[in-house]
Amino acid sequence: KTLESNLKRFDTWWQQNKEKVPVTQEVKMIVTIGKTINKPNCIVYNKNRALIISDFEGKPEPDKIEMAATLSGVGMESSGETQNGQIVLNVVLTPYFSKSGSWFKIDGTNPRVLDHERTHFGITALSACETARRIRATTFYQSDYETKLQEILKSGTEAANREQARFDEESNHGTIADMEEQWERKVRDKIGKSDCY
């Protein structure tokens, strides 16, 4: 009778909670690109809102040869729940520009340097798109989804850093005009063709 009573209690509990218990091993990832950020010092990438010189509020680093610097990155927030016996993780990737971490030297405040810095931010935005694509293309399981997600984010950051360095190297920090124009066009075209923005 005790066993029968326990099984009945379990059946009642199961009917009330079965939607909340993850029984499927695969984890569903829903990835979006963030349009807002809860950091007042940051600007979220928007292809219709180009950076302006007054966005660069940081203090210039006098020992740097560059006329300006852009501090940008891709933030991630996630929230999860169990739906129909499966863990569903909502991941938001937000490409952002740090106003206090970005700066202009007075003798560098010109449209050419600004376009160079805008392209750096565009590369960050493309990195968010590529990271989202990689997450969507990956199968995640309960046993490894956190590790896999962190690996993809780390890999995305490293790839973005390499691309930023390549841009600076090939354009010599924006001083080789034809290379600068090629990069600006390439980044602009990729953003235009992406479904992220």
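Residues numbered from 1 in each chain as written. Predicted model: local features only at pLDDT ≥ 70, side-chain atom pairs only at ≥ 80, totals over all residues. Heavy atoms only, no water.

Peer 1: Before we go on, may I ask you to explain the nonpolar core in this structure?
Peer 2: The tendency in soluble globular proteins is for nonpolar side chains to be buried as a group. Core analysis: the biggest nonpolar cluster contains 36 residues, and Met29, Val91, Leu93, Ile135, Phe140, Leu149 and Tyr197 have the highest contact counts within it. Residue contributions to this core peak at 10 residues, all from helix α2 (residues 111-136). If sequence neighbours within four positions are ignored, leucine 93 has contacts with Val31, Thr32, Ile33, Gly34, Val74, Gly75, Met76, Ala128, Thr131, Ala132, Ile135 and Leu153. (Core = buried A, V, L, I, M, F, W, Y, C linked by side-chain atoms within 4.5 Å. Buried < 20%, exposed > 50% of the residue type's maximum accessible area, 1.4 Å probe, protein only. Helix = DSSP H or I, 4+ residues; strand = E, 2+ residues; numbered from the N terminus. Contact = heavy atoms within 4.5 Å.)

Peer 1: Looking at this structure, how should I read the packing of aromatic side chains?
Peer 2: One pair of aromatic rings is described through two measures. These are the centre distance and the angle between the planes. For the structure on display, the rule yields 6 aromatic pairs. Between tyrosine 45 and phenylalanine 121, the aromatic rings sit 5.3 Å apart at their centres with planes inclined by 75°, giving edge-to-face as the arrangement. Taken together, the residues span a long stretch of sequence, with tyrosine 45 in the loop between β2 (42-44) and β3 (68-69) and phenylalanine 121 in helix α2 at a distance of 76 residues. Note on tyrosine 45: relative accessible area 12%, which makes it buried. Here the aromatic rings of phenylalanine 97 and phenylalanine 121 are separated by 5.7 Å at their centres, their planes lie at 50°, and the arrangement is tilted. Within this pair, whereas phenylalanine 97 is found in strand β5 (residues 86-98), its partner phenylalanine 121 is found in helix α2, the two being separated by 24 residues in sequence. Taking relative accessible area as the criterion, phenylalanine 97 reaches 0% and is therefore assigned buried. For phenylalanine 121, a relative accessible area of 3% corresponds to the buried category. These aromatic residues form a ring-pair network of at least three members: Tyr45, Phe56, Phe97, Phe104, Phe121 and Tyr197. A cation sits over an aromatic face here: lysine 39 above tyrosine 96, 5.3 Å from the ring centre. Positioned above the aromatic ring of tryptophan 183 is the side chain of lysine 186, whose terminal nitrogen or guanidinium carbon lies 3.6 Å from the ring centre. (Phe/Tyr/Trp six-rings, centres within 6.5 Å; stacked < 30°, edge-to-face > 60°. Lys NZ or Arg CZ within 6 Å of the ring centre and 35° of its normal.)

Peer 1: Any chance you could explain the pattern of salt bridges here in plain terms?
Peer 2: Side-chain pairs of opposite charge can arise where the charged atoms are in close proximity. With the rule as written, the count across this model stands at 10 salt bridges. Between glutamate 57 and lysine 99 there is a salt bridge; the shortest N-O distance is 3.8 Å. Of this pair, glutamate 57 sits in the loop between β2 and β3 while lysine 99 sits in the loop between β5 and β6 (103-104), placing them 42 residues apart in sequence. The partner of lysine 148 in a salt bridge is aspartate 144, and the shortest N-O contact between them spans 3.4 Å. Judged by relative accessible area, which is 24%, lysine 148 ranks as partly exposed. Salt bridges sharing partners connect three or more residues here, namely Glu163, Arg166, Glu170 and Lys186. (Salt bridge = Lys/Arg side-chain N within 4 Å of Asp/Glu carboxyl O.)

Peer 1: Would you mind going over unusual backbone geometry with me for this structure?
Peer 2: Glycine aside, residues mostly have negative phi, and peptide bonds are mostly found in the trans state. You will see that asparagine 84, though not glycine, has its phi angle at about 50°, which is positive. Looking at where asparagine 84 falls in the secondary structure, it is placed in the loop between β4 (72-83) and β5.

Just distances and angles here, no functional claims.
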